[in-house]
Amino acid sequence: MWRRSFCTGGASALKETKWDALVIGGGHNGLTAAAYLARGGLSVAVMERRHVIGGAAVTEELVPGFKFSRCSYLQSLLRPSIIRELELARHGLKLLKRGPSSFTPCLDGRYLLLGPDKELNHSEISKFSKRDADAYSIYASQLERFCKFMDPLLDSPTPESLQGTPSFTDRLKNKIHNSAFWTSCFNQAFSLGQRDMVDFMDLLLSPASKVLNNWFESDVLKATLATDAVIGATGSVHTPGSGYVLLHHMMGETDGDRGVWSYVEGGMGSVSMAISNAAREAGAHVVTNAEVSQLMIKDSGVVDGVLLADGTEVHSSIVLSNATPYKTFMELVPNNVLPEDFILSIKYSDYSSAATKINIAVDKLPQFECCKLSHPDSGPQHVGTIHIGSESMEEIDTACQEAVNGLPSRRPVIEMTIPSVLDKTISPPGKHVINLFIQYTPYKPSDGSWSDPAYRESFAKRCFSLIDEYAPGFSSSIISYDMLTPPDLEREIGLTGGNIFHGAMGLDSLFLMRPVKGWSNYKTPVQGLYLCGSGTHPGGGVMGASGRNAADVVLKDHKKSSN
């Protein structure tokens, strides 16, 4: 019989047990790792610093009656294997598909709707370019083939070389495993074909602007697609490698439908809660208000557990950190434990961010002037992601360059979503929850400070005024709002630099290079310490893959050490 264990506060029960494994951070990856470890027979405790689990995948009632997905706000990337294996539907996960999935209003009175309906896409794109309408289905099919090629890479640990001085048997097993991995990749590449492989490499290495310019001629279509290439990044559509980020956001699916993003009933915290329910059912112990202040390391260099901020010592020979690599190694690991070259690699990794999240409670839906609708009911324009202020890739680039120069964008790139149109559980009747994901906002603006209330309000009103240009009267509908700038995301959610991916998703920080070269297999220079967060392969987003893969490595190591 599986045990059920949950504690919403306090950590007194933690010190009474010598745990098989501890997990630092109750974000979705940490909870995923805990679920798989507990199902593997290990006694596991998860320690979450905040009063609520979920990390960046969290639901919070910031305004009475309004429940906000405070950070992450859409679901698609969560791996199907995790949904299936942890039976997340049984544990409360309910996905609400969006169709159409995107709406881009234009100031000239036109608009573009896109979604899973191929006929709708062709009709909508034809308003701007018949050539683009014909090309779009071919483009989407190619990206789908690339995503299928990537799937096996996401669901398995990297073929990393063994660290230290492994035994002959371990070296042989590792060589066989890595050979099998690369053979599988070769077979997949062969089935993909040379032409697609060349296009795939071009996508990985190129700026998104080059990729999209090669496919399309319509500015509004290219800009709509390009937002996926820059979301959460500090780079522009002209940044080499941004094509990969474009692909990364196409990798997901909802109920088997590739590239379809969904809302989650109850907000994104319901993803974390469903995973937590699976972990608890398997016997994992989850504690909130339990901040880890330092890792405890024996003189031999082996992990001995963690020290909590209240002085509590919690012992285990295995610790998994769901914190960012910087937080883990620069703040939690004691000094003089890690190799100097490793510290430098972690210290100088890219944790920069230019993203701000604004969560808004409104008393009515925005009415977009280009739709010529006067009734208050929701329409197809309200269902998907609404792209504000990005009618061309050059507008996106201009907004980026302003941030490079230290200034928040004058005309920010805004992704607006209104989950309450489909999810009736998160707002009072007739009222709505609106998410704004905004770029570009430098961590340290040169013309002010995010700690200045007047400066913060000025930028928020700049965003609201931009929306007013497309939906007159939007500003007057706002009841209240909550804003998280990069420093806020760092302080409240624990995202170093405010980076939503736990570190940049550039080509120099993916796969065997993530988080740093030589340590991509979730292990660390400290014996018994593992990483399980988005700072590891395969990267950011609410995927759960890092947690699942890390747990697989830990279980294999534990089995080997127990024999």
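In this numbering scheme, every chain counts its residues from 1 along its sequence in written order. In view of the model being predicted, local features appear only for residues whose pLDDT reaches at least 70, and side-chain atom pairs are presented and counted only at 80 or more, with totals across whole chains, interfaces and linings using the full set of residues. Based on all heavy atoms of the structure, the side-chain values leave hydrogens and waters out of the count.

### A short note on the overall build of the protein chain
Basically, it comes down to this: Only DSSP runs of H or I reaching four residues or more are called helices, and only runs of E reaching two or more are called strands; each is numbered from the N terminus. Radius of gyration means the value over C-alpha atoms here, while the globule rule gives 2.2 Å times the residue count to the 0.38 power. Relative accessibility under 20% of the residue-type maximum defines a buried residue, over 50% an exposed one, and the middle range a partly exposed one, all with a 1.4 Å probe and only protein chains included. When checking whether two residues touch, look at their non-hydrogen atoms; a contact exists if any pair is within 4.5 Å. Computed with a 1.4 Å probe, the accessible areas rest on the Shrake-Rupley method; for each residue, only the protein chains presented here act as cover. Neither His nor the chain termini are counted; the positive set is Lys and Arg, and the negative set is Asp and Glu. Lysine's charge is taken at NZ, arginine's at CZ, aspartate's at CG and glutamate's at CD.
Along its length, the protein chain carries 17 helices and 23 strands. Its C-alpha radius of gyration of 23 Å places the protein chain within 12% of the 24 Å reference for a compact globule of 563 residues. Viewed in the frame of its principal axes, the protein chain has a C-alpha envelope of about 70 × 55 × 50 Å. For the protein chain, buried positions account for 59% of its 563 residues. Considering only intrachain contacts with a sequence separation of at least 6, the fraction spanning at least 24 residues in the protein chain is 73%. For the protein chain, the accessible surface area stands at approximately 22,500 Å², while carbon and sulfur atoms represent 52% of it. Within the protein chain, the 60 negative side-chain charges are centred at a point lying 5 Å from the centre of the 52 positive side-chain charges.

### Observations regarding the sheet that holds strand β9 (residues 111-114)
Note the following rule: Paired strands are those between which DSSP finds at least two bridges. Under this scheme, a helix contributes an axis fitted over its contacting stretch, all axes are lines through C-alpha atoms, and angles between N-to-C directions fall in the 0 to 180 degree range.
Ordered by their spatial adjacency, seven strands build an open sheet running β9-β8-β19-β20-β21-β18-β22, and the pairing between neighbours is mixed. Taken across any chain shown, the strands that pair with only one partner, and hence form the sheet edges, are β9 and β22 (478-484). Each neighbouring strand pair of the sheet contributes to a mean axis angle of 20°, computed without reference to strand direction. Where strand β18 (residues 355-362) and strand β21 (residues 432-439) come together, eight bridges link them in antiparallel fashion. Residue A355 lies in a different strand from β21, and its bridge partner there is Q439. Strand contacts of helix α16 (residues 486-493): β18 and β22, with the helix running at about 80° to β22, the strand carrying the most contacts.

### Some thoughts on the pairing of β9
Note: strand β8 (residues 102-105) against β9, four bridges, orientation antiparallel. Bridge assignment links S102 to a residue of β9, and that residue is L114. Here β8 hands over to β9 after five residues, with G109 in that stretch at a positive phi of 95°.

### Some words on the packing of aromatic side chains
To keep it simple, the criterion reads: Centre distance within 6.5 Å is the pairing criterion for rings of Phe, Tyr and Trp, where only the six-membered ring of Trp is used; planes under 30 degrees apart are then read as stacked, over 60 as edge-to-face, and the remainder as tilted. Whether a charge sits over a ring depends on NZ of Lys or CZ of Arg being within 6 Å of the ring centre and within 35 degrees of the ring normal.
With the rule as written, the count across this model stands at 20 aromatic pairs. A centroid spacing of 5.3 Å and a plane angle of 70° characterise the contact between F103 and F368, whose relative ring orientation is edge-to-face. A residue pair is termed long-range when its members are at least 10 positions apart, and F103 in strand β8 and F368 in the loop between β18 and α13 (380-383) qualify at 265 residues. Look at F103 and you get buried, because its relative accessible area is 0%. Arranged with centres 5.6 Å apart and planes meeting at 75°, the rings of Y326 and Y351 form a pair that is edge-to-face. Taken as a pair, Y326 in helix α11 (residues 325-332) and Y351 in the loop between α12 (340-347) and β18 lie far apart in primary sequence, 25 residues in all. Y326 gets classed as partly exposed once you look at its relative accessible area, which sits at 25%. Following the ring pairs from residue to residue traces out a cluster consisting of Y136, Y139, W215 and F216. Above the ring of Y263, the side-chain terminus of R98 is found at 5.3 Å from the ring centroid.

### Points about the pattern of salt bridges
Where we set the bar: The rule for a salt bridge is simple: a side-chain nitrogen of Lys or Arg has to be within 4 Å of a carboxyl oxygen of Asp or Glu.
Under the counting rule described, the total for this entry stands at 28 salt bridges. Of the charged contacts in the structure, one is a salt bridge between D134 and K130, with a shortest N-O distance of 3.1 Å. Taken together, the residues span about one helical turn, with D134 and K130 both in helix α4 (residues 130-154) at a distance of four residues. A residue is classified by how much of its surface remains accessible, and D134, at 36% relative accessible area, is partly exposed.

### What about the sheet that holds strand β15 (residues 303-308)?
The strand order β2-β16-β15-β14 describes an open sheet built from four strands, whose pairing is mixed. Each edge of the open sheet carries a strand with a single partner, namely β2 (18-19) and β14 (292-297). Two strands pair when backbone bridges link them, and β14 and β15 are joined in this way by five bridges, in the antiparallel orientation. In the strand pairing of β15, Q294 is matched with L307.

### What about the environment of S349?
Tracing the chain through its elements places S349 in the loop between α12 and β18. For S349 and D228, which are 121 residues apart along the polypeptide, the C-alpha to C-alpha distance reads 23 Å. The contacts of S349, once residues within four sequence positions are left out, are P515 and V516.

### Digging into the nonpolar core
Here is the rule: By nonpolar core we mean a set of buried residues, namely Ala, Val, Leu, Ile, Met, Phe, Trp, Tyr and Cys, connected to one another through side-chain atoms within 4.5 Å.
L247 and Y440 are the most contacted members of the largest nonpolar core, which has 63 residues in total. Elements with a minimum of two residues in this core: β9, α4, α5 (168-192), α6 (194-205), α7 (208-215), α8 (219-230), α9 (242-248) and α14 (393-404). Examining the composition of this core, we find that 11 residues originate from one element, α4, more than from any other. Listed in part, the 40 residues of the second largest apolar core include A278, A284, L320 and A550.

### Regarding the state of the cysteines
Working definition: the covalent bond between the sulfur atoms of two cysteines is a disulfide. So the rule is basically this: Cysteine sulfur atoms are paired as a disulfide whenever they come within 2.5 Å of each other.
Counted by the stated rule, this structure contains zero disulfides. Lacking any disulfide linkage, C532 is separated from the closest cysteine sulfur, that of C71, by 18 Å. What makes C532 buried here is its relative accessible area of 0%.

### Some remarks on the packing of α11 against α12
Our working definition: Orientation labels follow simple angle bins: below 35 degrees gives roughly parallel, above 145 gives roughly antiparallel, 65 to 115 gives roughly perpendicular, and whatever is left gives oblique. Left-handed is the label given to a crossing in which the near helix is rotated counterclockwise from the far helix by less than a right angle, and right-handed is the label when the rotation is clockwise. By the convention adopted, Pro, Cys, Tyr, Trp, Phe, Met, Ile, Leu, Val and Ala count as nonpolar, Lys, Arg, Asp and Glu as charged, and the other residues, Gly among them, as polar.
Taken N-terminus to C-terminus, the directions of α11 and α12 make an angle of 135°; their axes are 9 Å apart at the nearest point. Of the possible angle classes, the one that applies to α11 and α12 is oblique. Between α11 and α12 lies a crossing of left-handed hand. Residues P325, Y326, F329 and M330 of α11 form the contact with α12, whose own contacting residues are F342, I343, I346 and K347. Grouping the constituent residues of the contact of α11 with α12 by class yields seven nonpolar, no polar and one charged.

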